[in-house]
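Given next are the chains, with one letter for each unit.
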Amino acid sequence: MIVTERPEPWHLRTRRFLRATDQRGELVRGARFLRGLVPGDGTPGDPLAPSTGRSSDRLARLLAEAGADRPSATRELGLAAVQAWQAVRRTGAPPMSSDGITVLFTDLVGFSTWALQAGDERVLELLRSVAEVTESVVTGHRGSIVKGLGDGVMAVFADPGEAVKAAYETCSAVSVIKAEGYLPHLRAGLHRGNPSRVGNDYLGVDVNIAARIMAAADGDEVLASGSVVDELDPGAVIVRPRRSFRAKGTPKDLRVYRVVPRYST
């Protein structure tokens, strides 16, 4: 009896051919070259380039993560399309309120010392994890990340109550991230004012004050100025004065508090 092997179904042959074509080195290199010619941010989908919650950012993240362990001309072209779209439509600008905005700064405590001996691969892995957590929490509380600052971010909020929750929850989430030889502890500082808007960035004394407040915080601690605390619902937050606060370049009468949001059961 002669047994003949059944031919492979056409759809499987086609899928294998398309996959092999998509991974061909010259096609991948060509797609990357074309992506490099596209205007706009060349790092869509990278957690170290925090998004503003736009749908195009989420699409870029999905494209970047899909089959990230293998080269793909289709993925490169998809990211190029997102990059071009974002360059044309500059939407999702940071929020602005008629009575000011709340500025948030965050920073990893002791990060620089660990990074010196950890190596680039471990450092980038940690920073991407922190960036992903931060972006998720900040946008979830209707905030907008203005820019990344290496091991921290600057973000803005129209609602000071949401800013306090975002700062506290980001610190809590980062504290459970695993990193060999390092226990991540984030600190946060908040200040409310009317900084000058320059493009998608903010400048001025109020921004500097927020950064100074953050620098005075301990790990897992959220500090906020009186301008933030005065706008909060007293029943929604636990407030403790930070009596020892001193920072160069801040008003002498600046009031700073340790804040922890209350959560209903």
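Residues numbered from 1 in each chain as written. Predicted model: local features only at pLDDT ≥ 70, side-chain atom pairs only at ≥ 80, totals over all residues. Heavy atoms only, no water.

## A few points about the overall build of the protein chain
Then comes step 1: From N to C terminus, the protein chain includes 9 helices and 9 strands.
Then comes step 2: Within the protein chain, the fraction of its 265 residues that count as buried is 41%.
Then comes step 3: A fraction of 71% describes how many contacts in the protein chain between residues 6 or more apart in sequence connect residues 24 or more apart.
Then comes step 4: Approximately 15,000 Å² of the protein chain is accessible, and the part contributed by carbon and sulfur atoms is 54%. (Helix = DSSP H or I, 4+ residues; strand = E, 2+ residues; numbered from the N terminus. Buried < 20%, exposed > 50% of the residue type's maximum accessible area, 1.4 Å probe, protein only. Contact = heavy atoms within 4.5 Å. Areas by Shrake-Rupley, 256 points an atom, 1.4 Å probe, with all protein chains shown as cover.)

## Quick look at the sheet that holds strand E8 (residues 237-241)
Then comes step 1: Spatial ordering of the open sheet is given by E2-E3-E1-E4-E7-E9-E8, a layout of 7 strands whose pairing is mixed. Either end of the sheet is taken by a strand with one partner, and the two such strands are strand E2 (144-148) and E8. For this sheet the average axis-to-axis angle between neighbouring strands, irrespective of direction, equals 25 degrees.
Then comes step 2: Packed onto the sheet, helix H8 (residues 205-215) meets strand E1 (101-108), strand E3 (153-157), strand E4 (186-193), strand E7 (222-225) and strand E9 (256-261) and runs at close to 150 degrees relative to E4. (Pairing = 2+ DSSP bridges. Axes fitted to C-alpha atoms, helices over the stretch in contact; angles between N-to-C directions.)

## Considerations on the packing of aromatic side chains
Then comes step 1: In total, this model carries 3 aromatic pairs according to the counting rule given.
Then comes step 2: Note on phenylalanine 111 and tryptophan 114: the rings are 6.0 Å apart at their centroids and 50 degrees apart in plane angle, and the pair reads as tilted. Residue phenylalanine 111 and its partner tryptophan 114 are both found in helix H5 (residues 111-118); the two are separated by 3 residues, about one turn of the helix. We note that phenylalanine 111, like tryptophan 114, is buried. (Phe/Tyr/Trp six-rings, centres within 6.5 Å; stacked < 30°, edge-to-face > 60°.)

## A word on the side chain of aspartate 206
Then comes step 1: By the element assignment, aspartate 206 lies in helix H8.
Then comes step 2: At 9.9 Å, arginine 192 is the nearest oppositely charged side chain to aspartate 206, a buried residue that forms no salt bridge.
Then comes step 3: Of note is the side chain of aspartate 206, whose polar atom sits 2.8 Å from the backbone nitrogen of asparagine 194.
Then comes step 4: Contacts of aspartate 206, omitting those with residues within four sequence positions, involve His191, Gly193, Asn194 and Pro195. (Lys, Arg positive; Asp, Glu negative; His and termini not counted. Salt bridge = Lys/Arg side-chain N within 4 Å of Asp/Glu carboxyl O. Polar contact = N/O pair within 3.5 Å; in protein donor to acceptor, adjacent residues only side chain to side chain.)

## Remarks on the pattern of salt bridges
Then comes step 1: Under the defined criterion, the tally for this structure stands at 8 salt bridges.
Then comes step 2: Two residues, arginine 187 and aspartate 107, come together in a salt bridge whose shortest N-O distance is 2.9 Å. Linking arginine 187 in strand E4 with aspartate 107 in strand E1, this pair joins segments that are 80 residues apart in sequence. A single burial state applies to arginine 187 and to aspartate 107, both of which are buried.

## Focus: the packing of helix H6 (residues 120-140) against helix H7 (residues 160-174)
Packed helix pairs are characterised by how far apart their axes lie and by the angle those axes make with each other.
Then comes step 1: Following both chains from N to C, one finds H6 and H7 inclined at 150 degrees, their axes separated by 9 Å at the closest point. By the angle between their directions, the pair H6 and H7 is classed as roughly antiparallel. In this structure, the crossing between H6 and H7 has a hand that is right-handed. Where H6 approaches H7, its residues Val130, Val133, Thr134, Val137 and Val138 are matched on the opposing element by Ala166, Glu169, Thr170, Ala173 and Val174.
Then comes step 2: A class-by-class count of the residues in the contact of H6 with H7 yields 7 nonpolar, 2 polar and 1 charged. (Parallel < 35°, antiparallel > 145°, perpendicular 65-115°, else oblique. Left-handed = near helix turned anticlockwise from the far one by under 90°. Nonpolar A, V, L, I, M, F, W, Y, C, P; charged D, E, K, R; others polar.)

## Overview of the pairing of E4
Then comes step 1: For E4, a buried count of 8 out of 8 residues is recorded, marking the element as mostly surrounded by other parts of the structure.
Then comes step 2: Burial along E4 is two-sided: Leu186, Ala188, Leu190 and Arg192 facing one way and Arg187, Gly189, His191 and Gly193 facing the other are all buried.

## Regarding H7
Given 3.6 residues per helical turn, the α-helix brings residues three or four places apart onto the same face.
Then comes step 1: Relative to the 21 Å expected for 15 residues at 1.5 Å per residue, H7 spans 21 Å between its end C-alpha atoms, a close match to the ideal helical length.
Then comes step 2: Restricting attention to buried positions, one finds in H7 the residues Pro160, Glu162, Ala163, Val164, Ala166, Ala167, Thr170, Cys171 and Val174. (Expected span 1.5 Å × (residues − 1).)

## So, the environment of alanine 247
Then comes step 1: Relative to the elements of secondary structure, alanine 247 occurs in the loop between E8 and E9.
Then comes step 2: When the C-alpha atoms of alanine 247 and alanine 215 are compared, they prove to be 8.7 Å apart, with 32 residues separating the residues in sequence.

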